[in-house]
Each structure stands twice: as structure tokens, then as C-alpha cells.
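# What the coordinates show
For reference, the chains in residue letters:
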Amino acid sequence: MYTDKVMDHFSNPRNVGEIDGADGVGEVGNASCGDIMKIFLKVENDVITDVKFKTFGCGAAIATSSMVTEMAMGKTLDEALELSNAAVAEALDGLPAQKMHCSNLAADALHEAIKDYKAKHP
Ligand code: FES
């Protein structure tokens, strides 16, 4: 049911944890299942220099969280804002149709963290 990439990121998630004194924090919940994802960012000169996540959710939510942190690392804030939920699912070689909603957490939480950073650093 899951691709090798999904299984890899689920079994060995990258960038798990919190960042003390994060420059931006974003949290989103998935209304359909109640799962929650939180993203922490460190930003220097508009570039994401560190990113970590904590996800209380299903395997697909953990895999998409892990993938979105890898995709966001080193990107400028504007580039990271362009990362879509669909792009994250695609980078995992797809998700089963009934699990596509799980990918909604990943890019949304990243975007919320960027908005939080921008609000704190106008
Ligand atoms: Fe809730 Fe996947 S079932 S995010």
C-alpha cells in the first residue's frame, strides 16, 4: 500500500524533535482524524537553516512531515512557501488515495511556521 520512500521516512524519520528558541513555530491539526503536526524553524538571512517536527499522527503524516523538513532545509522562506502538499506527496512517490488527506498537515504546518516567523520579524 505504501511506497518504499514512505516506509523509509516512516521507519526512519528525519529531523524529529523541537528547536529551543525557534524563530518560527507552526501547528496544524487535521480535522478529519484529529492528528496534529508542529514545525519549528531556525532562519538566517531569510534562509531556513534548521527545521524539526513533532507529529502526533499516522504513518503517512509522519512520512510527509519528515519529507517536508528535508525539502524545506536550506530553502529561502519564499521558496519554502511554494512547497505544496501535493509536491510533498509526490516526493514520496505518492500516497494511497485514502491517505492523501494526511499530506495536508506537512506543507500547511511549514507555511504556518513561516507566517509565524514573518509576524515576529516584520
Ligand atoms: Fe490523520 Fe493520517 S490519519 S494524518
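First things first, this report covers the structure right here in the doc.

A side chain with one charge can pair with a side chain of the opposite charge if their charged atoms come near. Taken as a whole and assessed by the stated rule, the structure comprises nine salt bridges. One salt bridge connects R14 with D8, and the closest N-O pair in it is separated by 2.8 Å. D8 gets classed as partly exposed once you look at its relative accessible area, which sits at 34%. Two residues, K115 and E112, come together in a salt bridge whose shortest N-O distance is 3.2 Å. Highlighted residues: K115 and E112, both in helix α5 (residues 104–120), separated by three residues, approximately one helical turn.

Turning to the sheet that holds strand β3 (residues 47–56), a few remarks are in order. An order of β1-β2-β3 is seen for the three strands of this open sheet, with the pairing classed as antiparallel. The sheet terminates laterally at β1 (24–29) and β3, the two strands that pair on one side only. Averaged over all pairs of adjacent strands, the angle between their axes in this sheet comes to 15 degrees, without regard to strand direction. Sheet topology note: the β1/strand β2 (residues 36–44) ladder contains six bridges and is antiparallel. Along β2, the bridge assignment pairs V28 with M37. Across the face of the sheet, helix α2 (residues 59–72) comes into contact with β2 and β3 while running at roughly 175 degrees to β3. The sheet contacts of α5 involve β1, β2 and β3, and relative to β1 the element is tilted by about 145 degrees.

It is worth spelling out the packing of helix α1 (residues 4–11) against α2 at this point. It is at 8 Å that the axes of α1 and α2 come closest, and there the two elements cross at 90 degrees. Our classification of the angle between α1 and α2 gives roughly perpendicular. Taking contact as the criterion, the partners of V6, H9 and F10 in α1 are, on α2, G59, I62, A63, S66, M67 and E70. For the contact of α1 with α2, the residue count by class is five nonpolar, three polar and one charged.

Glancing now at the pairing of β2. From the end of β1 to the start of β2, which pair antiparallel, there are six residues, and G34 there has a positive phi angle of about 85 degrees. By the bridge criterion, nine bridges tie β2 to β3 in an arrangement that is antiparallel. Within the sheet, the bridge partner assigned to K42 lies in β3 and is D50. Counting the residues between successive antiparallel strands, the hairpin from β2 to β3 contains two residues, one of them, N45, with a positive phi of roughly 50 degrees.

About the criteria used
- Residues numbered from 1 in each chain as written.
- Predicted model: local features only at pLDDT ≥ 70, side-chain atom pairs only at ≥ 80, totals over all residues.
- Heavy atoms only, no water.
- Salt bridge = Lys/Arg side-chain N within 4 Å of Asp/Glu carboxyl O.
- Buried < 20%, exposed > 50% of the residue type's maximum accessible area, 1.4 Å probe, protein only.
- Helix = DSSP H or I, 4+ residues; strand = E, 2+ residues; numbered from the N terminus.
- Pairing = 2+ DSSP bridges.
- Axes fitted to C-alpha atoms, helices over the stretch in contact; angles between N-to-C directions.
- Contact = heavy atoms within 4.5 Å.
- Parallel < 35°, antiparallel > 145°, perpendicular 65-115°, else oblique.
- Nonpolar A, V, L, I, M, F, W, Y, C, P; charged D, E, K, R; others polar.

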